[in-house]
Amino acid sequence: SEDWSVAPNGAVALSCRPPLASDEAWTTNRHVYLKDSFAAEGAACLTEGNPGYDFSPAFSKDGSKLAWLTMAGAQYEADAIGIKLYDVATKATTDLVAADADFAYSPQSLHWSGDGSKIYFTADVRARRRLCVVDVASRAVEILGSAADGSISVHGEIAGGLLVSRDSFGAPPELYRCGADGAGLEQLTFFNEAKLAAVDLGVAEDVSFFNPRPGRESPEGADIQAYLLKPANFDAKQKYPLAVVI
């Protein structure tokens, strides 16, 4: 119900399962299709050559380009995710962000800039949903803002920058405005302010560790990120039970 996009000329891009096949239950395959309009009978499959999961199509504002998220693995629902770019005029499909090669994290939720020069998206980076951007011409990818911002969801452009929502261990989502570079977060809504003022919350600490266990060693140079959540009103002189969630 969410995997579709409409161009200014009425063309529709949608992601759905291909026609039923004998291996339906054993594959995550899903394609992006392009229709001339909602009423059109036929649809062109833009991802016929990919046996993996293609989803979240998004037209540029002028309808000249179409981007979508893609996984290569036919039986791997948690595969690394890349971004494909389709030129409506030439019908050429290229890699805008090649999974695991151009960017170490998996893109989510594509939002084109108004001029079509870049695409904003989010990606999970060290257990935070970070705001990112890719330049369409150069294919350069950048992580915006700061890790201290918590987790960010992007909703699109507004006057003065971007409309995003922000949440963390200490607060549920609220709407913010930030610059096109992700900096200068300005809170716009305060729906939860009174509720938060009435409760005590534990403090979350960002920690990392290296696993030396034989056969399960951390990749060389790659620490494992985790959070340490202390109880509300933590007293260092007291002992507390510990739950480890993996």
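Thresholds applied
- Residues numbered from 1 in each chain as written.
- Predicted model: local features only at pLDDT ≥ 70, side-chain atom pairs only at ≥ 80, totals over all residues.
- Heavy atoms only, no water.
- Pairing = 2+ DSSP bridges.
- Helix = DSSP H or I, 4+ residues; strand = E, 2+ residues; numbered from the N terminus.
- Axes fitted to C-alpha atoms, helices over the stretch in contact; angles between N-to-C directions.
- Buried < 20%, exposed > 50% of the residue type's maximum accessible area, 1.4 Å probe, protein only.
- Salt bridge = Lys/Arg side-chain N within 4 Å of Asp/Glu carboxyl O.
- Phe/Tyr/Trp six-rings, centres within 6.5 Å; stacked < 30°, edge-to-face > 60°.

Trainee: Explanation requested: the sheet that holds strand β6 (residues 65-70) in the structure shown.
Mentor: In any sheet, the strands associate via hydrogen bonds between backbone groups, in a parallel or an antiparallel arrangement. A sheet is described by the order of its strands in space; here four strands give the open sequence β5-β6-β7-β8, paired in antiparallel fashion. Looking along the sheet, the strands with just one partner apiece sit at the ends: β5 (54-59) and β8 (92-97). Strand-to-strand twist in this sheet, taken as the mean axis angle between neighbours without regard to direction, amounts to 25 degrees. Pairing between β6 and strand β7 (residues 82-87): six bridges, direction antiparallel. By the bridge assignment, Lys 65 is partnered in β7 with Asp 87.

Trainee: I'm lost on the pairing of β5 in this one. Help?
Mentor: Taken residue by residue, a regular strand's side chains alternate between the two faces of the sheet. A large share of β5 lies buried, amounting to five of its six residues. Strand direction decides the pairing type here: β5 and β6, joined by four bridges, are antiparallel. Opposite Asp 54, over in β6, you have Thr 70 as the bridge partner. Between β5 and the antiparallel strand that follows it, β6, lie five residues; Gly 63 among them carries a positive phi value of about 80 degrees.

Trainee: Even after reading the chapter, I still don't get the pattern of salt bridges, so can you show me in this structure?
Mentor: Between side chains of opposite charge, a pair can form as their charged atoms come close. According to the stated counting rule, one finds nine salt bridges in the structure shown. Its salt-bridge partner being Asp 102, residue Arg 139 comes within 2.5 Å of it at the nearest N-O pair. Highlighted residues: Arg 139 in the loop between β11 (128-135) and β12 (141-143) and Asp 102 in the loop between β8 and β9 (107-112), separated in sequence by 37 residues. Overall, the relative accessible area of 34% leaves Asp 102 in the partly exposed class. Between Glu 205 and Lys 230 there is a salt bridge; the shortest N-O distance is 2.9 Å. Of this pair, Glu 205 sits in strand β17 (residues 204-209) while Lys 230 sits in the segment after β18 (224-229), and the two are 25 residues apart along the sequence.

Trainee: Even after reading the chapter, I still don't get the packing of aromatic side chains, so can you show me in this structure?
Mentor: The way to describe two aromatic rings as a pair is by their centre distance and the angle between their planes. Using the criterion set out here, one finds seven aromatic pairs in the structure. Ring centres of Tyr 53 and Phe 55 lie 4.9 Å apart, and the angle between their planes is 55 degrees; on these two criteria the pair is classed as tilted. Judged by relative accessible area, Phe 55 falls into the buried class, the value being 12%. Each ring, one from Phe 103 and one from Tyr 105, has its centre 5.5 Å from the other, and the planes form 75 degrees; the classification is edge-to-face. For Phe 103, a relative accessible area of 10% puts it in the buried group.

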